[in-house]
Amino acid sequence: MSGITDEIAQRMLEQPFPRSGDFAELGAVVTTALAIAVLVLVIGGALLGERRLSPTAASALGVLGLCVLPVFMMLFGAYTTVEGSKSVEFCHSCHSAMNLYVSDMEDPASASLAAVHYKQRWITQHECYRCHADYGVWGSADAKLRGFAHLYHWLIASKTALGEEQIHTYRRYRNQICLDCHAGGADFLTSGRGVHLMIARNLVERDPDTGAEVTSCMTCHAPAHPSLESWRSRG
Amino acid sequence: MAQPGLTLAEASPDVLRLPAPRVRRRILLTARVLIVVAALITLLAVHYLTAVTLSLFLIVGQGCIVIGALLAAGVAITDVFRRRGVTSLRFEPGETVFRQGDPGDLVYSIVSGEVEIIREMPDGEERLLATMGPGEYFGEMALISDAARTATVRARTSLEVVAMGRADFTTLYAYVPGLKQRVETIMRQRAADTARKTS
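The rules behind these values
Every residue gets a number counted from 1 within its own chain, in the order that chain's sequence is written. Lettering of chains starts at A and numbering of ligands starts at 1, both following the order in which they are written. For this predicted model, a pLDDT threshold of at least 70 governs which residues receive local features, and a threshold of 80 or more governs which side-chain atom pairs are given and counted, while totals over whole chains, interfaces and linings are taken from all residues. Side-chain metrics rest on all non-hydrogen atoms present in the structure, leaving aside hydrogens and water. Note on contacts: a residue pair is in contact if any heavy atoms of the two residues lie within 4.5 Å. Defined here as a combined quantity, buried area equals the accessible surface (1.4 Å probe) lost by two parts on assembly, summed across both. Here, a salt bridge means any side-chain nitrogen of Lys or Arg that lies within 4 Å of a carboxyl oxygen of Asp or Glu. Any N or O atom pair separated by 3.5 Å or less is treated as a polar contact, with the protein-specific requirement of one donor-capable and one acceptor-capable atom, and with residues adjacent in sequence counted only for side-chain atom pairs. Numbering of helices and strands starts at the N terminus; helices are DSSP runs of H or I of at least 4 residues and strands are runs of E of at least 2. When DSSP finds at least two bridges between two strands, those strands are taken to pair. Geometry is summarised by axes, namely lines fitted to C-alpha atoms with helices restricted to the contacting stretch, and by angles between N-to-C directions that run from 0 to 180 degrees. A 1.4 Å probe rolled over the protein chains alone gives each residue an accessible area, and that area as a share of the maximum for its type sets the label: buried under 20%, exposed over 50%, partly exposed in between. Each nonpolar core is a collection of buried residues, namely Ala, Val, Leu, Ile, Met, Phe, Trp, Tyr and Cys, held together in the definition by side-chain atoms within 4.5 Å. Between 30 and 60 degrees the pair is tilted, below 30 it is stacked and above 60 it is edge-to-face, where a pair is any two Phe, Tyr or Trp rings, Trp via its six-membered ring, whose centres lie within 6.5 Å. Comment: the charge-over-ring label is applied if NZ (Lys) or CZ (Arg) is within 6 Å of the ring centre and within 35 degrees of the ring normal. Each domain's limits were defined by an automated method or a database of domain assignments. Residues are grouped as follows: Ala, Val, Leu, Ile, Met, Phe, Trp, Tyr, Cys and Pro are nonpolar; Asp, Glu, Lys and Arg are charged; every other residue, Gly included, is polar.

Draft legend 1. Representation of the interface of chain A and chain B in the model. On the chain B side, the residues contacting the 36 residues of chain A number 39 residues. Both faces combined, the contact of chain A with chain B buries some 3,000 Å², and carbon together with sulfur accounts for 77% of it. At the junction of chain A with chain B, the criterion picks out zero salt bridges. Linking chain A to chain B there are two residue pairs in polar contact (both at pLDDT 80 or more). Secondary-structure elements contributing two or more residues to the side of chain A that touches chain B are α2 (23-48), α3 (55-84), α4 (88-93) and α8 (136-155) of chain A.

Draft legend 2. Summary view of the sheet that holds strand β3 (residues 96-98) of chain B. Residues and elements named next belong to chain B. Strand order in the open sheet made by the four strands is β3-β8-β5-β6, with antiparallel pairing throughout. The sheet is open, and its two borders are formed by β3 and β6 (126-132), each paired with just one other strand. Averaged over all pairs of adjacent strands, the angle between strand axes in this sheet comes to 30 degrees, irrespective of strand direction. In this fold helix α6 (residues 179-198) packs onto β5 (115-120) and β6, with an angle of close to 145 degrees to the strand it touches most, β6.

Draft legend 3. Just unusual backbone geometry, in detail. Residue and element names in this part refer to chain A. Cis geometry is adopted by the peptide bond preceding P223, which originates at A222 and carries an omega value of 0 degrees. Relative to the helices and strands, P223 resides in the loop between α12 (218-221) and α13 (228-234). A positive phi angle, near 50 degrees, is found at H126, a position not held by glycine. In this structure, H126 sits in the loop between α6 (113-119) and α7 (127-132). Given a relative accessible area of 22%, H126 falls into the partly exposed group. Non-glycine residue R193 carries a positive phi angle of around 55 degrees. Relative to the helices and strands, R193 resides in helix α10 (residues 186-198).

Draft legend 4. Representation of the pattern of salt bridges. All names here are of chain B. Following the criterion strictly, the structure yields 12 salt bridges over all chains and no others. Between R156 and E116 there is a salt bridge; the shortest N-O distance is 3.4 Å. Of this pair, R156 sits in the loop between β8 (152-155) and β9 (159-165) while E116 sits in strand β5, placing them 40 residues apart in sequence. Within the structure, one salt-bridge network assembled from shared partners comprises E114, E116 and R156.

Draft legend 5. Quick look at the environment of B:L44. Residue and element names in this part refer to chain B. Structurally, L44 is set in helix α2 (residues 21-47). Here L44 falls in the partly exposed class, since its relative accessible area comes to 39%. Beyond its immediate chain neighbours, meaning those up to four positions away, L44 contacts L49, T53 and L56.

Draft legend 6. How the structure looks around the nonpolar core. In this structure, A:V38, A:V42, A:L66, A:M73 and B:A39 are the most contacted members of the largest nonpolar core, which totals 21 residues. If one sorts the elements of this core by residue count, α2(B) sits on top with seven residues. Once residues within four sequence positions are removed from consideration, A:L66 is found in contact with A:V42, B:L28, B:A31, B:R32, B:I35, B:G68, B:A69 and B:A72. Listed in part, the 19 residues of the second largest apolar core include B:F91, B:V115, B:L129 and B:A151.

Draft legend 7. How the structure looks around the packing of aromatic side chains. Residue and element names in this part refer to chain B. A full pass over the atoms with the stated rule returns four aromatic pairs over all chains. Taking 5.1 Å as the distance between ring centres and 15 degrees as the angle between the ring planes, the aromatic pair formed by Y108 and F138 counts as stacked. In this pair, Y108 sits in strand β4 (residues 106-112) while F138 sits in strand β7 (residues 137-138), placing the two residues 30 residues apart along the sequence. Here Y108 and F138 have matching classes, each one buried. Aromatic rings pair up to connect F98, Y108 and F138 into one cluster. For the cation-ring pair, R149 lies above F98, with the distance from its terminal atom to the ring centre recorded as 3.9 Å. R190 extends its terminal NZ or CZ atom over the ring of Y137, reaching a point 5.3 Å from the ring centre.

Draft legend 8. The arrangement of the domain arrangement of chain B in detail. All names here are of chain B. As assigned here, chain B comprises domain 1 (21-82) and domain 2 (85-198). Summarising the inter-unit geometry, the C-alpha centres of domain 1 and domain 2 are found 35 Å apart. Tallying the contact residues gives five residues for domain 1 and 10 residues for domain 2. For the pair domain 1 and domain 2, the two sides together bury roughly 620 Å², of which 46% comes from carbon and sulfur. Across the contact surface, domain 1 and domain 2 share zero residue pairs in polar contact (both at pLDDT 80 or more). For the side of domain 1 that touches domain 2, the elements supplying multiple residues, two or more each, are α2 and α3 (51-83). If you tally residues by element for the side of domain 1 that touches domain 2, the top one is α2, at three residues. Across the side of domain 1 that touches domain 2, the residue classes tally to two nonpolar, no polar and three charged.

Shown next, in the form of structure tokens:
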């Protein structure tokens, strides 16, 4: 009765459901409204001129259009853009450097860890950010600060930013990020005859020299992404 | 036309010296340009987010907003000072103090230099109504009648004036004995002169 045929329903299930209504989307709407209000007030005020307004009204409009609204626009804009910068599309916009990683992740034939996670939709949004930002408030802040370093690389067109040099993680990848999703999961606990529980201490205990866990998840589950060399050899 | 009794500078030598109106206009224009640029960059970054637009927004856009807002706040604060109490202003020769049709917010007393009072006729012609020098005051008419400026005042030479805001002037006007009569007498004289010169 709803007009949905088997074909339409199958097509709907073959693609991720579109997400909508999160705070970043609201932030974009509010920032846009503020920016338009600022433009109208500033340009309108300049065209109208102070001559047609009383001095008090001109001052009030000036303060609103040049001080108050722009500050809110800056805050909402910062929130919206920083939230937006978690998206895969944003990471991919640094095209030369990220093309290899995003293209491989989206390749259904790839067996890399990132591609498997993407293919299975184990992570439903912000796939790059989810695995490359530590958890908690400091993890997020740390990732954003590192993001500024990435912008710097991009601005100076460094070899890594241009995709001419292999990118490395700043430090050994932490198991904590993997365990945040997998720990407690039925498959994780039982797969490989319970191997994860057998080496549990190594997966959790940190090596005082490296600061990372004794045995990395990547020891068995690599590669997370193809190397630059293997990607080039793939053509 | 000299009004020595009304020379505000003599009564208040420690007046607050504010930037000349042309400087205020330039600062306000700079603030407007910066904020417009910032708003356009923000729209671009929010709707087309890439490494380029994000860095543009975070570095240029936010910088424009901070500088523009500070400049505008500075103008707003000096405007408050300008309208309250007595302030000192300087004008270059040929610079306009106010234009016919502007809203009246200040009354001026000349400390040094000369001004010319000009009536802009409907056909665009400018007629010189009077010139004024040190000790004389102008701009009171728009404040008392709560109307727009009826003439343009332009500096003939390097000019220093002290200006008083509407609230302070109307308070003095209402309470200082004899001031109302003196101002009204001068206003009548000026109105008669203006009618003669513009007819």
